[in-house]
Amino acid sequence: MAGNALPLLQALGVSKSFGAVQALKPCDFRLHTGEVRALIGSNGAGKSTLIKILTGALTPSSGEVRLEDVPLPPGRPDQIIRRGVACIYQHSNLAPALSVMDNIYLGRQPTRRFGLLDRKRQRRQVVALLQTYGISLDPDAIVGTLPTVKQKEVEIAKALALDAKVLLMDEPTGWLAATEVRKLHDTIRLLKAKGVGIVYISHMLDEIFAVCDTMTIMRDGQIIAETAVANTNRVEVIEKMVGETLARESQAAANHDRRAAAAGEVRLSVRSLGRRGVFHDITLDLHAGEILCLTGLIGSKRTELVHALFGSGPRHSGTVLLDGKAVRFRGPSDATAAGIGLVPEDRHRDGLMLGMPIRDNLVLSILKRFVRLGRLDRAAITRTAQASLSALNVQPPDLDRLVRQLSGGNQQKVLVGKWLNLGPKVIILDEPTVGVDVGAKAEIYGILRRERDRGAAILVVSSDLEEVMTLADRIGIMVAGRLAALRPATEMTMKDVVSAIGAEPGMPAGMA
Amino acid sequence: MLRDAGGTLALVGFFLVAVTFFSFVTRNFGSASNFENLMSGFSFMAILTIGQSFPILMRGIDLSVGAILALVGMTVFDLSLMFGWPGWAVLPAALLVGTLAGLLNGALIVRLRLPPFIATLATLAAYRGLVYTISGRQLVPGLSTTPIRDPWIIGLETYYDIGGALGLKHLIKLPWLPLSFIILLVTLLVFRFLLSGTRFGRDIYAAGGNAEAARLAGINVDRVTMAAYATSGFCAGLGALLLVARLTTSTEELGKGIELSTIAAAVIGGVSLSGGIGNVTGPVIGAFLLGVILLGLTQAGISQFVQQILTGLILLIAIGNDRWQTARRDRARTETLTGAS
Amino acid sequence: MTRNDNLRAFATRNALGLAMTVFVILFAAAEPAFLKPENLIGILRSQALVAIMATGMTFVIMTGGVDLSVGPVLALSGVVNFYVMDAGWGLPLSMSAAIATGLLIGAANGTLIAALNLPPIIVTLAALSIVRGSALLLGGPDLHSIRGQPVFTFLGSGQLFGLPFSVVIAAVVAALMIFVQKLTPLGLLVAAIGENERAAWLSGLRVRRVKVLLYGLCSAGAALAGLIQTSQVHTAAATYGEFGTELDVIAAVVLGGTSLSGGTGSVARTMLGVLFLGILNNGMSIMNMPINLQLIAKGIIIAGALAAAQRSAD
């Protein structure tokens, strides 16, 4: 790597503010020819803001981006693509019914007169391109019939056909199986040898260690570390991503109001639960009166696991017992009827009725209780909603307010409140405090502890280690779709958790 | 495209099964004259189906094809009988009317951003209303029993004795080949080439399969959409010419409900309602498959009301199958898809 | 943004009222007979059938669906009623049979749409063909005249409190559906599904069951309309509810501010849309506008309203 040579791509002092919120603090980012640079950080760390500035999807509030020392036009994605900075997104940007050849030249196939396609020339160009970069693809294969990894390669070839010098790859392996990931990495190494600069955005640490040369770690809207991959290790990386929370660990422990008495009987018992290709052999017991936190890297399939428990996602093997009886929910309505609630990760898409008032949102899962002779008892609804409103301390305490008009923290309280009104035996929360301010966070913790002391069994999926250390009575750690560790929180320090999360997939916890 | 090889073969198989079945159930079904009937009676519908495939490829739908058919039919009637235009002038005028009607559909969808089904449902009513307004049968009542005799138009209903010309007459009785069937074949070849050999065709697949990707690749999706609906209108116009030539007249009710058959035939022929998948060969076979079933049922003495019911059921089965295929295609992906995170 | 939304909803609501006022003034000025009580009642009478069908259609469209099969269901209902009555089973049974037919067809549509996830347009388009074919198979293309059934005749032609009885029925149905929307759990369920179907499902609501019920209600409304129409014209025929019926109904719903892509909607406002269409039709006829011009004017106004509604929904 030419350390001091002129970088291929450099962002100098770029920043981005949305109103009063600074999503990206001024930062410098450099990428050299033939370098594969990992860009990592937890959700909301500012990665996507930086990427969008590089592709031109966002105009930076300050600073500039230069390609081979020539400034790129800010906020002009069409021009930036033609100058040689391409981005391969998580979702497909291909036309499934067309051939590889046509997709590579989508919308700009070489033509002769009258719009007739010049097939010979197109084929020549495609074959030459694929040969140059050593990508093995059949130009005539229909893209929709190709395996996902091949489709990714088509997207790469499409970018290269536009003379891409820089490839930004956003979670390129999200939909790939392990063997496919290896194939993709081979392709990346070929591109690297040809001098293409690659920014590899991923949550998968083992991939980063397998294919990247350098890494940039972001947190809280700024770049906090840049290092060669060879000079670091997984635990160090996770510590950097998590931030100074290690320093705050003692404080978190101090805040921790662990349940004094032993937890109650087993509520939800999961036995060897599996979903093909997603998670495997999950066995755990969730007790009444405990908070069990499941943590792990993003993509370790915790969300898929809880949806399988709630009946809203598939499961293929194993059993689930509720109070000792085997249950198999055909849908969320079954789970709800059995006394299980789920606060989903994406509260806007999956959780709330944003255009409806707080009142309706709070009682949506328990409407049946308010039916008197076929009529909704509005007064009773208002009483119930009012009671939860005060218990949850939702601000402003106005039942007629649309949920859309609330702050993130208050929206989340309403969503939690909806399930508390069910009086649930089991309540599952997926990333309950993402995008929630510190005050509301503490309040939500208080609410959850109160529910626990009432005797509810609580399962929290969280990537926020500070939250896990603060809240958990027991900690479960998932690595690549398997439960790698499950221990009482008192027996684990933050360091143990970090090293368990960073463990190589398939290795028992503690060995990494 | 995706289902080209296997799908087309399966369709041809179905077609042969249906023919064999009806040959046993009804007398004379396998006869040469019956195949003439099939070819001349359903070529116009096959052409309409080719047209219908374009909006469906664009993830839309054209409910107004029957009304456009009637509109063009009445245009031919008026121009030929009321205004005495010569046939060589009527033919292009008719095709122009059809194309413009389709273009208006496209404009409503693109400019007013109406959902395709509501835009074409509205124009279905509007075009049908227009047919009554311009109906030469009502404006000049005397004309309603006058057949169209212009050789340019009636000439479209010509039969060629291919078997005789080749001297096969004594070996086997072959059906005479209707000109309408030859026109269908030419139309099929032209639109097939348009889809596979031109930039316009590639753009249709791109825009229908992934509109966002097409837009990013600089394809003018709005213009492609307009062209798709114009194509459907053009084909409806061409179909109308063949039908009018066969009937030697036109009526206000021409082509009522045919949108259903064309949609069914297109979906049977492998054009997916989720857009971007299919070609025009399958739909033509689909149209004739539907034709064999309808013709067979008629000859078996089943009432046309039952046929209406059956057409609806066939449409349901076709979309059920389409949805199943789509789900199967996506399943491999969702198996490894990481739901939310 | 939220204030804007409210403002926009407010403006949409009043745009219809405003337009209605303008047209009323316009028609009254051009032709004073427009405001005569008998003419106003005539408007109501002409829209009674559309009003009944539009109530159920509002719920269906709110969930992002549509029902194109209301016309043939209307016809089949009339024919079923005729035959059951003709067989001497009595009015209560014949009318129940007709309504039940509608309910079943709608439930079948709803099941295909909700359980098999098939597109509503195509499913109800196929139903349109199937139901029309069944009606014709049952009743043939002829008219069946109904005689000696004074109670049944009252349904469409009777008077109550000086109003045509059909208008009274429409008013009762509308009131009932407004009650359902505002005061029963179903109203809240429909709103929730329209607002965010996935979140409704994840909240433990039985989304599929509700959708099946809604299509059932919509078709039952069409069946009731079929009974009233048969009674009004003293004949049943398989050809009633001809093409265009569903367009009028959908237009009324959309004029009432429900977006075709689903979401919020209100039966009460749909009734305003029905009224608006009635005023438009009546006013243009009373001004002796040629029928072609009437259709064109109506088409332009509806297309404009649709486009405006789509735009504000985006």
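Residues numbered from 1 in each chain as written. Chains lettered and ligands numbered in written order. Predicted model: local features only at pLDDT ≥ 70, side-chain atom pairs only at ≥ 80, totals over all residues.

Participant: Sorry, what's going on with the overall build of chain C here?
Facilitator: Helices and strands together make up the secondary structure of chain C, namely 13 helices and four strands. Each of the three principal axes of chain C carries a C-alpha extent, and together these read 60 × 55 × 35 Å. Counting only residues that meet the buried cut, chain C has 52% of its 314 residues in that class. When contacts within chain C are restricted to residue pairs at least 6 apart in sequence, long-range pairs at least 24 apart make up 80% of them. (Helix = DSSP H or I, 4+ residues; strand = E, 2+ residues; numbered from the N terminus. Buried ≥ 20, exposed ≤ 12 C-beta atoms within 10 Å, placed from the backbone. Contact = placed C-beta atoms within 7 Å.)

Participant: Got a minute to help me understand the overall build of chain B in this structure?
Facilitator: The helix and strand tally for chain B stands at 15 helices and two strands. A principal-axis box enclosing the C-alpha atoms of chain B has dimensions of 70 × 50 × 40 Å. Taken over 341 residues, chain B has a buried fraction of 53%. Across chain B, contacts joining residues at least 24 apart in sequence account for 79% of those joining residues at least 6 apart.

Participant: Can you walk me through the interface of chain C and chain B in this structure?
Facilitator: A common way to report how large an interface is uses the accessible area buried once the components associate. In this assembly, 28 residues from chain C lie in contact with 29 residues from chain B. Counting residues per element, the ones that place at least two in the side of chain C that touches chain B are α5 (120-139) and α13 (291-313) of chain C. For the side of chain C that touches chain B, the element with the most residues is α5 of chain C, which contributes 13 residues. Looking at the side of chain C that touches chain B residue by residue, the classes come out as 18 nonpolar, eight polar and two charged. (Nonpolar A, V, L, I, M, F, W, Y, C, P; charged D, E, K, R; others polar.)

Participant: Looking at this model, I keep getting lost on the environment of Ala 335 of chain A. Mind explaining?
Facilitator: Mapped onto the elements of the fold, Ala 335 of chain A is located in helix α11 (residues 332-337). Looking at Ala 335 of chain A, the number of C-beta atoms within 10 Å reads 24, which means it is buried. Excluding residues within four positions of it along the chain, Ala 335 of chain A makes contact with Phe 310, Gly 311, Phe 329 and Ile 340 of chain A together with Gly 204 of chain C.

Participant: Got a minute to help me understand helix α8 (residues 185-195) of chain C in this structure?
Facilitator: Within an α-helix, residues lying three or four positions from one another point in the same direction, as the helix has 3.6 residues per turn. The buried fraction of α8 of chain C is high, at eight of eleven residues. Among all positions in α8 of chain C, only Leu 188, Leu 189, Val 190, Ala 191, Ala 192, Ile 193, Gly 194 and Glu 195 of chain C are buried. Buried residues along α8 of chain C sit against α13 (358-363) and β18 (375-376) of chain A together with α2 (37-62), α9 (197-202) and α10 (207-233) of chain C.

Participant: Is there a simple way to explain the nonpolar core in this structure?
Facilitator: Taken as a class, soluble globular proteins show a tendency for nonpolar side chains to be buried jointly. Counting residues in each nonpolar core, the largest one holds 352 residues, and the members touching the most others are Leu 167 and Tyr 200 of chain A together with Leu 71 of chain B. Sort the elements by how many residues they give to this core and helix α12 (residues 221-247) of chain B lands first, with 16 residues. In this view, Leu 71 of chain B contacts Val 97, Ala 101, Tyr 127, Leu 130 and Val 131 of chain B; residues no more than four positions away in its chain are not counted. (Core = buried A, V, L, I, M, F, W, Y, C linked by C-beta atoms within 7 Å.)

Participant: Help me out: how do you make sense of the sheet that holds strand β12 (residues 279-287) of chain A in this one?
Facilitator: Paired through their backbone hydrogen bonds, the strands of a sheet run either parallel or antiparallel. Residue and element names in this part refer to chain A. Taken in spatial order, the four strands line up as β12-β11-β14-β15 in an open sheet, and their pairing is antiparallel. Two strands close off the open sheet at either side, each with one partner strand: β12 and β15 (325-326). Two elements, strand β14 (residues 317-322) and β15, share two bridges in a ladder whose sense is antiparallel. Considered in β15, the bridge of Leu 321 is made with Ala 326. (Pairing = 2+ DSSP bridges.)

Participant: Sorry if this is basic, but what is going on with unusual backbone geometry here?
Facilitator: Cis geometry marks the peptide bond from Gln 395 of chain A to Pro 396 of chain A, where omega comes out at -10°. Checked against the element boundaries, Pro 396 of chain A lands in the loop between α14 (378-392) and α15 (408-420). For Arg 59 of chain B, which is not glycine, the phi torsion reads 65° and is therefore positive. Along the polypeptide, Arg 59 of chain B turns up in the loop between α2 (32-57) and α3 (65-82). You can call Arg 59 of chain B partly exposed: it has 18 C-beta atoms within 10 Å.

Participant: Even after reading the chapter, I still don't get the pairing of β14 of chain A, so can you show me in this structure?
Facilitator: A regular strand places its side chains so that they alternate between the two faces of the sheet. Residue and element names in this part refer to chain A. As paired strands, strand β11 (residues 266-275) and β14 are joined by five bridges and run antiparallel to one another. Its bridge partner lying in β14, Gly 274 is registered against Ser 317. Hairpin connection of β14 to β15: two residues between the antiparallel strands, including Asp 323 at a positive phi of 50°.

Participant: Any chance you could explain the sheet that holds strand β3 (residues 36-40) of chain A here in plain terms?
Facilitator: Residues and elements named next belong to chain A. Ordered in space as β6-β7-β8-β3-β9-β10, the six strands form an open sheet in which the pairing is mixed. Edge positions in the open sheet fall to β6 (85-88) and β10 (222-228), since each of these has one partner strand only. Between one strand axis and the next, the sheet turns through 20° on average, direction left out of account. Here β3 runs beside strand β8 (residues 197-201); their pairing, made up of four bridges, is parallel. (Axes fitted to C-alpha atoms, helices over the stretch in contact; angles between N-to-C directions.)

Participant: Explain helix α3 (residues 70-86) of chain C to me, please; I cannot follow it from the model alone.
Facilitator: In this model α3 of chain C runs 24 Å from its N-terminal to its C-terminal C-alpha over 17 residues, within 8% of the 24 Å that 1.5 Å per residue would give. For α3 of chain C, a buried count of 14 out of 17 residues is recorded, marking the element as mostly surrounded by other parts of the structure. (Expected span 1.5 Å × (residues − 1).)

Participant: Honestly, the packing of helix α6 (residues 150-157) of chain C against α10 of chain C in this entry has me stumped. Any pointers?
Facilitator: Residues and elements named next belong to chain C. With their axes 7 Å apart at the nearest point, α6 and α10 run at an angle of 105° to one another. Viewed along their axes, α6 and α10 adopt a mutual orientation that is roughly perpendicular. Counted together, Phe 152, Thr 153, Leu 155, Gly 156 and Ser 157 of α6 and Leu 227, Ile 228, Gln 229, Ser 231 and Gln 232 of α10 form the full contact between these two elements. Considered class by class, the residues forming the contact of α6 with α10 number four nonpolar, six polar and no charged. (Parallel < 35°, antiparallel > 145°, perpendicular 65-115°, else oblique.)

Participant: Would you explain the environment of Ile 224 of chain A in this entry?
Facilitator: Residues and elements named next belong to chain A. Tracing the sequence through the fold places Ile 224 in strand β10. Residue classification places Ile 224 among the partly exposed residues on the basis of 16 C-beta atoms within 10 Å. Residues Ile 224 and Met 241, 17 residues apart in the sequence, show an inter-C-alpha distance of 8.6 Å.

Participant: How should I be thinking about the pairing of strand β13 (residues 290-296) of chain A in this particular structure?
Facilitator: Residue and element names in this part refer to chain A. The buried fraction of β13 amounts to seven of the seven residues, a majority that puts the element mostly inside the structure. Along β13, one buried face is formed by Glu 290, Leu 292, Leu 294 and Gly 296 and the opposite face, lined by Ile 291, Cys 293 and Thr 295, is buried too. Pairing of β13 with strand β20 (residues 457-461) involves five bridges; the strand directions are parallel. Counted as the bridge partner of Leu 292 is Leu 459 from β20. With five bridges connecting them, β13 and strand β21 (residues 474-479) associate as parallel partners. Residue Leu 294 lies in a different strand from β21, and its bridge partner there is Gly 476.

Participant: Hey, could you run me through the confidence of the model for chain C in this one?
Facilitator: One rule of thumb: low pLDDT means the predicted coordinates there are not for detailed reading. Here chain C shows a mean pLDDT of 87. Residues at 70 or above account for 94%. Interface confidence in the predicted complex, given as ipTM, is 0.82; pTM for the same model is 0.82. (pLDDT = per-residue confidence, 0-100.)

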